[in-house]
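Structure at a glance
Single-letter residue listing:
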Amino acid sequence: MRKRNLRIWVLGIPVLVLIAVIIFSLTSGGSFTAALGRINTAILSNFGWLFSVTTLILVVVCFAAMLSPFGRVRIGGRDAKPSLKTKDVFAIVLCSIVGIGMVTWGTAEVMAHYTAPLPTLGIAPYSNEAADFAMETVMLHWTFPAYATYALPSLLFAFLFYNMKRPFSVSEVLCPVTGRAPGKRAAGVIDCICVFTLLCGLVSSIGTTVLSLVGGFTYLSDGEIRKSVLTIIILTAAIVLAFVVSSVTGVMKGIKFLSGMNLKFFLVLAAFVLIFGPTSFILNYGVEGFGNMVQHFFGAMLRTNAASGSDWSYWWSIFYWAVYMAWAPISAMFIGKVCYGQTVRKVVMMTLVGPSVFTAAWMAIFSGTSMGFERAGYGIAGAYQQGYEYTTYAVFEHLPLTLLLIIVFLFVACVSVVTASDSATDALAGLVLKEESAEVPGIDEKTKAGTEAGKKKTWIKIMFGAIIGAASVIIVVYSDVSGIKMISNIGGFPALLVEILAIAGVLKIMKNPQKYDEFKEDYDENGQYKPTRRE
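Residues numbered from 1 in each chain as written. Predicted model: local features only at pLDDT ≥ 70, side-chain atom pairs only at ≥ 80, totals over all residues. Heavy atoms only, no water.

**Notes on the overall build of the protein**
Counting secondary structure elements, the protein contains 24 helices and two strands. For a compact globule of 535 residues, the expected C-alpha radius of gyration is about 24 Å, and the protein comes in at 22 Å, within 12% of that figure. Seen along its three principal axes, the alpha-carbon backbone of the protein occupies a region of about 65 × 50 × 45 Å. The buried share of the protein, taken over its 535 residues, is 61%. Look at the contacts in the protein between residues 6 or more apart in sequence, and 84% of them connect residues 24 or more apart. (Helix = DSSP H or I, 4+ residues; strand = E, 2+ residues; numbered from the N terminus. Rg over C-alpha atoms; globule rule 2.2 N^0.38 Å. Buried < 20%, exposed > 50% of the residue type's maximum accessible area, 1.4 Å probe, protein only. Contact = heavy atoms within 4.5 Å.)

Structural data, given as structure tokens:
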């Protein structure tokens with residue numbers, strides 16, 4: 001029987017600090033945000049090289065784990081049966097990691113690099129070379145490096161929870177490296193930091209999504225629906241209610257349903273844009289952009305622009321790595337839970353390879369359409385200069401069924417942030433309610449749903465939803481999301497240590513899985529993993 005004790009400090013401290021941050025943001029007159037900006041700049045400029053190197057190593061180690069004998073090891077033991085189908089795990093990973101960013105920046109980022117390419121390359125803005133650089137950079141930012149940041153810790157957490165039978169805590173990444181369980185104080189500090197940065201990330205994500213939705217409704221209503229306190233409260237409440245209801249119904253019902261539905265809309269939307277957009281240009285431009293990314297991968301990954309003094313890398317590539325890392329620890333805990341019953345090789349396929357290929361295709365279609373229309377003289381770059389959120393609507397104006405496209409786009413954006421918030425809330429609740437081991441989605445959920453422990457977890461999820469929703473409304477109405485977003489990004493610095501520990505942990509386990517695996521019977525006398533009929 002599992003013990004669950006409320007970790008009051010892991011719950012209370014991050015919430016109190018979040019409240020303090022909001023108060024400072026409202027009362028400081030911009031000085032607080034400026035101070036955060038200086039801290040953010042200092043971290044990125046002094047440790048940008050470490051973010052870049054670590055992200056590159058994450059990609060390499062993920063593929064090494066997939067191709068090595070360790071890839072045959074099954075999460076949960078040789079006889080464990082997956083509680084979720086492969087397509088369901090793929091949809092959950094895609095929609096709960098970078099789904100909202102993929103939707104938001106699909107048409108916009110390519111315009112950013114087209115109008116202002118990396119200065120040290122000597123490329124003229126709006127040139128053919130700028131167009132090539134733009135697609136190559138979009139492919140880099142949204143494919144393998146992005147997903148590897150989540151995939152490797154997800155793999156480690158899955159092995160820790162289900163094969164090593166370790167407690168559900170971020171601090172458990174220390175276990176394979178040090179050979180012993182982390183102390184209670186160290187565990188509490190690490191978990192507090194990760195909870196706080198993820199809370200900030202959720203507030204900023206919901207806030208920016210609400211602003212994007214307001215812009216969409218303003219467009220649809222021809223200016224009748226504008227940004228107001230009532231509009232923001234209604235939209236935020238709808239998002240929070242959706243992800244709380246989904247979260248309390250469990251992974252098998254809520255997140256599985258939402259992510260599966262969202263994936264279908266992704267496919268329909270992408271197919272429509274591909275068919276009715278500049279199809280030939282999309283295919284040629286996308287293939288070339290992906291090829292250029294592969295060709296220049298290592299150089300682009302390690303670019304810091306130190307000699308030139310340019311801050312381009314700090315505010316684009318390295319900034320992305322920091323953002324991904326800030327979300328990774330707790331998001332990876334959730335993803336690790338849904339990988340029960342899968343082999344290590346399949347985990348990497350579902351969390352890194354498959355989503356990267358899908359996102360590359362998505363970016364090829366939407367970024368390709370954006371660039372194709374810009375080159376045709378439709379003024380997409382001008383729309384981007386007004387604000388990145390206007391880029392998508394400018395692109396849709398030149399496609400058939402514009403009104404329907406925008407409605408579907410807004411729905412997809414909304415469901416994407418709901419799915420991401422849903423999975424994050426589930427992991428947050430598991431952290432503040434000390435679990436001796438992770439629940440198996442769809443199995444333990446059913447047996448625990450009506451128990452006191454299950455009810456307590458439900459109330460924790462509702463409480464987190466209320467806090468996140470209230471904070472999002474306050475920030476959007478009375479301040480802006482830049483300060484809270486800056487804190488979330490700064491959280492990428494301590495999360496960088498978690499990623500480094502995850503790399504070290506996976507490498508140690510890969511060397512001798514039997515040493516760490518509680519299922520010793522799954523290995524032969526030579527320490528090799530026994531084959532199964534399902535392999």
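**Some points on the packing of helix α7 (residues 144–162) against helix α16 (residues 344–375)**
Closest axis-to-axis distance for the α7/α16 pair is 9 Å, and the angle between their directions is 160°. Judged by the inter-axis angle, α7 sits roughly antiparallel to α16. Seen from above, α7 lies across α16 with right-handed handedness. Seen from α7, the contacting residues are F144, Y147, A148, A151 and L155; seen from α16, they are V344, V347, V348, T351, L352, V353, P355, S356 and T359. (Axes fitted to C-alpha atoms, helices over the stretch in contact; angles between N-to-C directions. Parallel < 35°, antiparallel > 145°, perpendicular 65-115°, else oblique. Left-handed = near helix turned anticlockwise from the far one by under 90°.)

**With respect to the nonpolar core**
Counting residues in hydrophobic clusters, the biggest one holds 188 residues, and the most contacted among them are F70, F266, I330, W362 and F396. When neighbours within four sequence positions are excluded, F396 is seen to be in contact with V273, F366, T402, L405, I406 and F409. (Core = buried A, V, L, I, M, F, W, Y, C linked by side-chain atoms within 4.5 Å.)

**Overview of a nonpolar patch on the surface**
A grouping of F47, W49, V53, I57, L302 and F493 is seen on the molecular surface, where their side chains present a nonpolar patch of about 500 Å² in accessible area. In terms of residues, the nonpolar patch owes the most to one element, helix α2 (residues 31–67), which gives four residues. Summarising the element assignment, W49 is placed in helix α2. (Patch = residues over 30% accessible without salt bridge, like charges linked within 9 Å, V, L, I, M, F, W, Y side chains within 5 Å. Areas by Shrake-Rupley, 256 points an atom, 1.4 Å probe, with all protein chains shown as cover. Salt bridge = Lys/Arg side-chain N within 4 Å of Asp/Glu carboxyl O.)

**Comments concerning the environment of Y219**
Position of Y219 among the secondary structure elements: in helix α9 (residues 184–220). You can call Y219 partly exposed: its relative accessible area is 34%. Distance in space between the C-alpha atoms of Y219 and K456 is 42 Å, their sequence separation being 237 residues. Dropping the residues within four chain positions of it, Y219 is found in contact with E397, T402 and I406.

**Topic: the environment of I460**
For I460, the location among the structural elements is in helix α21 (residues 452–478). Considered as a pair, I460 and L11 are 449 residues apart in the sequence and their alpha carbons are 9.3 Å apart.

**Notes on the environment of T236**
For T236, the position within the fold is in helix α10 (residues 229–248). For the pair T236 and A470, spaced 234 residues apart in sequence, the C-alpha separation works out to 8.5 Å. The contact partners of T236, leaving out residues within four places of it in the chain, are I206, V210, G469, S472 and V473.

**Comments concerning the packing of aromatic side chains**
This model, assessed by the stated rule, comprises 29 aromatic pairs. When the centroid spacing of 4.6 Å and the interplanar angle of 10° are considered together, the rings of W105 and Y388 count as stacked. Linking W105 in helix α4 (residues 99–105) with Y388 in the loop between α17 (380–386) and α18 (391–396), this pair joins segments that are 283 residues apart in sequence. For the ring pair W142 and Y324, a centre distance of 6.3 Å and an interplane angle of 75° mean the geometry is edge-to-face. (Phe/Tyr/Trp six-rings, centres within 6.5 Å; stacked < 30°, edge-to-face > 60°.)

**Some words on the side chain of T369**
Here T369 lies in helix α16. Beyond its immediate chain neighbours, meaning those up to four positions away, T369 contacts V273, P278, I282, A364 and V395.

**Structural notes on the pattern of salt bridges**
Scanning the model with the defined rule gives six salt bridges in all. With a shortest N-O distance of 2.8 Å, R166 and E172 are connected by a salt bridge. E172 shares its class with R166; the two are buried. Here K461 ties to D426 by a salt bridge, and the two come within 3.1 Å at their closest N and O atoms. Placement of the pair is K461 in helix α21 and D426 in helix α19 (residues 402–432), with a sequence separation of 35 residues. Here the salt bridges share partners, and the residues they tie into one network are K87, D88 and K256.

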